[in-house]
Amino acid sequence: MQALLLPQACAAELAALAQAAYPLEACALLVGVDAAVTRIVPAPNVAEQPARSFEIDPGAQIRLRRALREAGGPEYLLGHWHSHPDGRAAPSATDAAMIHEPALIWLISAVTTAGASAPAAFLPQADGKSFSPLALHID
Ligand SMILES: [Zn+2]
């Protein structure tokens, strides 16, 4: 994948989720077709310390994968998104330790009381311990 396309409406939805959850981290699953996000599926952050980390409710991910499989369409689980309250739109050391599925794209937004940044996209590296930036077009 050379670049990921994120529709403006989805970007606005992510910003709203980040602000609603502040000062906790918000998270969501990203459904897409090819290299384009088609919709956002908000998911509970079930981390023990949701102000400092995120953990997408595993049940939400299982249900979404099943629904996508049953739909039999072109949509698939493309990746996930989370917010960094008062942080940067880049993976943290905690994030790097949490790469469980190297095929999933990571989107991260920074959020403060003033609002949320545009998300940035990252792809886990083959070593499963680091990320490389992925071009993101918001349109
Ligand atoms: Zn993070």
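This text follows the structure it describes.
Note that the structure is a prediction, hence the values are computed from the model and not measured.

A. Inspection of the pattern of salt bridges at higher detail. Across all of its chains, the model carries three salt bridges by this definition. The salt bridge involving Asp57 is made with Arg63; its shortest N-O contact spans 4.0 Å.

B. Highlighting the pairing of strand E3 (residues 36-43). Where strand E2 (residues 27-33) and E3 come together, seven bridges link them in antiparallel fashion. Bridge pairing links Gly32 to Val37 in E3. Adjacent in sequence and paired antiparallel, E2 and E3 are bridged by two residues, among which Asp34 carries a positive phi angle near 55°.

C. Seen up close, the state of the cysteines. Taken as a whole and judged by the stated rule, the model has zero disulfides. Of all cysteine sulfurs in the structure, the one in Cys10 sits closest to Cys27, which takes part in no disulfide; the separation is 16 Å. Look at Cys27 and you get buried, because its relative accessible area is 4%.

D. Region of interest: the coordination of the zinc ion. Listed as protein donors to the zinc ion are His82 (NE2), His84 (NE2), Asp95 (OD) and Asp95 (OD); their distances from the metal cover 2.0 to 2.5 Å. The site at the zinc ion holds four donor atoms, and with the angles between them running 56 to 155°, its shape is irregular.

E. View of helix H2 (residues 58-71). Given a rise of 1.5 Å per residue, 14 residues ought to cover 20 Å, and the 20 Å separating the end C-alpha atoms of H2 matches this to within 8%. Burial in H2 covers these residues: Ala60, Gln61, Leu64 and Leu68. The arc that holds every buried residue of H2, seen down its axis, measures 95°, which confines them to one face. Of the residues in H2, the exposed ones pointing more than 90 degrees away from the buried face are Arg63, Arg69 and Glu70.

F. Region of the structure containing unusual backbone geometry. Cis rather than trans, the peptide bond between Tyr22 and Pro23 has omega equal to 10°. A positive phi angle is found at Asp34, which is not glycine, with a value near 55°. You can see Asp34 is positioned in the loop between E2 and E3. Judged by relative accessible area, Asp34 falls into the exposed class, the value being 62%. For Asp86, which is not glycine, the phi torsion reads 55° and is therefore positive. Counting through the fold element by element, Asp86 comes out in the loop between strand E4 (76-85) and helix H3 (93-96). By relative accessible area, which is 53% here, Asp86 ends up exposed.

Quick notes on the rules
- Residues numbered from 1 in each chain as written.
- Predicted model: local features only at pLDDT ≥ 70, side-chain atom pairs only at ≥ 80, totals over all residues.
- Heavy atoms only, no water.
- Salt bridge = Lys/Arg side-chain N within 4 Å of Asp/Glu carboxyl O.
- Pairing = 2+ DSSP bridges.
- Helix = DSSP H or I, 4+ residues; strand = E, 2+ residues; numbered from the N terminus.
- Disulfide = S-S within 2.5 Å.
- Buried < 20%, exposed > 50% of the residue type's maximum accessible area, 1.4 Å probe, protein only.
- Donors = N, O, S within 2.8 Å, 3.2 Å for Na, K, Ca; no water.
- Tetrahedral: all angles 85-135°; square planar, octahedral: opposite > 155°, others 65-115°.
- Expected span 1.5 Å × (residues − 1).
- Arc of directions from axis to C-beta.

It is worth stressing that arrangement in space is one thing and function is another; only the former is reported here.
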